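Examining the three-dimensional arrangement
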Amino acid sequence: MTDTKSGTRAEIETGMSLDARYAAVKERVEAAARRAGRDPSRVILIAVTKYAELDDIKRLVELGHRDFGENRVQQLTQRAAMIEEQLRRRKTLSGTAGEEVEVEMPRWHMIGTLQRNKAKQVVECTRLIHSVDSMRLAEELQSIGLKREQRIDVLIQVNVSGEESKFGCPVPAAEPLAAAMESMAYLRVRGLMTMAPYSEDPEQARPYFSRLRDLYEDMAKLDLGDGAFNLLSMGMSGDFEAAIEEGANLVRVGSAIFGEREVEDAG
Ligand SMILES: *Cc1c(COP(=O)(O)O)cnc(C)c1O
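Presented here is a report on the structure given in the accompanying data block. (Residues numbered from 1 in each chain as written. Predicted model: local features only at pLDDT ≥ 70, side-chain atom pairs only at ≥ 80, totals over all residues. Heavy atoms only, no water.)

1. Re the nonpolar core
Applicable threshold: We define a nonpolar core as any set of buried Ala, Val, Leu, Ile, Met, Phe, Trp, Tyr and Cys residues linked to one another through side-chain atoms lying within 4.5 Å. Only protein chains enter the accessibility calculation, which uses a 1.4 Å probe; a residue is then buried when its area is under 20% of its type maximum, exposed when over 50%, and partly exposed in between. Residues count as neighbours in contact if any of their non-hydrogen atoms are within 4.5 Å of one another.
Counting 68 residues, the largest nonpolar core has Ile129, Leu141, Ile156, Val158, Met181, Leu192 and Ile257 as its most contacted members. Apart from residues no more than four positions distant in its own chain, Met181 is found in contact with Val132, Ala138, Val154, Ile156, Leu187 and Val189. By size, the runner-up hydrophobic cluster in this structure holds 6 residues, among which are Ile46, Leu155, Leu231 and Leu250.

As structure tokens, then:
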């Protein structure tokens, strides 16, 4: 548990409170959307919780935030369950006898590499899987969807930079993969996701974002995902403004909200 007097990790490390960081990121997201001539309400900020304390996640929920992302399956399932329980308890407390109070549940996004043997757990608690990059994973998800009679929304992760360390399918493979997934009745391809190579300078990331946007626009003509191919997930703490300017409508921001990571983590 975090001691409120000494502050959360994010505060200690930066001298700025979580509330202030969150507000600042939201403002920057909105300003970038406006600069690009787009409606700020159409850009969704996903708070990436991989280095966050549970108390910090709870605080964002208190502030009304609902979209959260995780890249590790165990953390995702545990945290999704804990936050949901917190909200259900609040619902019970705030509703007087017999009266149901509407509380909007969080939407969890799986943004990390997904192994097939963990796919079922993830499907049970996520709204959108950003990291589908192979036929084998797509087929696994299709069979899970069939068993659960649940349609699964996914993005195709594309390795735009061609870096070997990056996951995602190669650019030329994205369209054939999407076409194959169209025949899987329980999968709905909602769009594309990428990660730009790490750099201190967001301008270095921009060409990768614009390349993915071009691919996205080409694929949008194919009438994929029952007409719901409309999501473009790109941009992280260091480059989300460039990503929005290049067309992103989902940005995945962790350290700019929750504080810098303590340890370098390859994941
Ligand atoms: C960790 C992570 C992010 C967020 O990274 P920050 O630089 O902390 O904002 C976004 N996307 C993916 C896939 C990640 O793993």
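Now, onward.
2. Details of the pattern of salt bridges
Quick reminder of the rule: The rule for a salt bridge is simple: a side-chain nitrogen of Lys or Arg has to be within 4 Å of a carboxyl oxygen of Asp or Glu. What counts as a helix is a DSSP run of H or I of at least four residues, what counts as a strand is a run of E of at least two, and both are numbered from the N terminus.
One pass over the full model with this rule turns up 20 salt bridges. Here Arg188 makes a salt bridge to Asp153, at a shortest N to O gap of 3.0 Å. On the criterion of sequence distance, the pair formed by Arg188 in strand E7 (residues 187-193) and Asp153 in strand E5 (residues 152-159) is long-range, its members being 35 residues apart. The class of Arg188 is buried, set by a relative accessible area of 14%.

3. What to know about helix H8 (residues 202-220)
Counted only if it meets this: Expected helix span is taken as 1.5 Å per residue step, with the number of steps being one fewer than the number of residues.
Look at H8: 26 Å from first C-alpha to last across 19 residues, which is about the 27 Å you get at 1.5 Å a residue. Along H8, the positions that sit buried rather than exposed are Ala205, Phe209, Leu212, Leu215, Tyr216 and Met219. For H8, the secondary structure elements touched by its buried residues are E5, helix H7 (171-182), E7, strand E8 (231-233) and helix H9 (240-245).

4. Things to note about the environment of His65
Our working definition: Pairing of N or O atoms within 3.5 Å defines a polar contact, subject to two protein rules: one partner must be a possible hydrogen donor and the other a possible acceptor, and residues neighboring in sequence count only if both atoms are side-chain atoms.
Within the secondary structure, His65 sits in the loop between helix H3 (54-62) and strand E2 (67-70). Under the relative-accessibility criterion, His65 is labelled buried at 6%. At a separation of 3.3 Å, a polar atom in the side chain of His65 contacts the main-chain carbonyl oxygen of Leu45.

5. Observations concerning the site of the ligand
What counts here: Neighbouring residues are identified by heavy atoms, a residue being near a molecule or strand if any of them is within 4 Å of it. Only the protein chains shown count as covering a residue, and every accessible area follows the Shrake-Rupley method with a 1.4 Å probe. Each residue is assigned to one class: nonpolar for Ala, Val, Leu, Ile, Met, Phe, Trp, Tyr, Cys and Pro, charged for Asp, Glu, Lys and Arg, and polar for all the others, Gly among them.
Around the ligand, the surrounding shell holds 12 residues, and the nearest of these are Lys50, Ser237, Arg252, Gly254 and Ser255. At 2.7 Å from an oxygen atom of the ligand is found a side-chain nitrogen or oxygen belonging to Lys50. At a separation of 2.8 Å, an oxygen atom of the ligand approaches a polar backbone atom of Ser255. Alone, the ligand offers 380 Å² of accessible surface; in the complex the protein occludes 95% of this. Among the residues forming the shell around the ligand, the class breakdown is 5 nonpolar, 4 polar and 3 charged.

6. Points about the pairing of strand E4 (residues 128-132)
Here is the rule: In short, DSSP must find at least two bridges between two strands for them to pair. Handedness of a crossover is defined as follows: with both strands directed away from the viewer, a clockwise route from the first strand across the helix to the second makes it right-handed.
In terms of residue burial, E4 counts as a mostly covered element, since 5 of its 5 residues are buried. Pairing of strand E3 (residues 107-110) with E4 involves 2 bridges; the strand directions are parallel. Paired with Met110 across the bridge in E4 is Ile129. Chirality of the crossover, the property in question, places the unit of E3, helix H5 (residues 119-125) and E4 among those that are right-handed. Sheet topology note: the E4/E5 ladder contains 2 bridges and is parallel. Within E5, the position partnered with Ile129 by the bridge is Val154. In this fold, E4 hands off to helix H6 (residues 135-148), which returns the chain to E5; that crossover is right-handed.

7. Quick word on the environment of Ser183
When you line up the elements, Ser183 lands in the loop between H7 and E7. For Ser183, a relative accessible area of 63% corresponds to the exposed category. Here the alpha-carbon distance between Ser183 and Gln142, two residues 41 residues apart in the chain, equals 9.9 Å. One polar contact links the side chain of Ser183 to the main-chain carbonyl oxygen of Ala180, over a distance of 2.7 Å.

8. Some thoughts on the packing of helix H2 (residues 18-35) against H3
Using the following cut-off: The axes used here are C-alpha line fits, helices contributing only the stretch in contact, and every angle between their N-to-C directions lies in the interval 0 to 180 degrees. In this scheme, roughly parallel covers angles under 35 degrees and roughly antiparallel covers those over 145, while 65 to 115 is roughly perpendicular and the rest are oblique. The crossing is said to be left-handed when, going from far helix to near helix, the turn is anticlockwise and less than a right angle, and right-handed when the turn is clockwise.
At a closest axis distance of 11 Å, the pairing of H2 and H3 adopts a crossing angle of 55°. Classified by the angle their axes make, H2 and H3 are oblique. Once H2 is placed against H3, the crossing between them reads as right-handed. Mapping the contact onto sequence places Leu18, Asp19 and Tyr22 in H2 and Asp56, Arg59 and Leu60 in H3. Of the residues belonging to the contact of H2 with H3, the class tally is 3 nonpolar, no polar and 3 charged.

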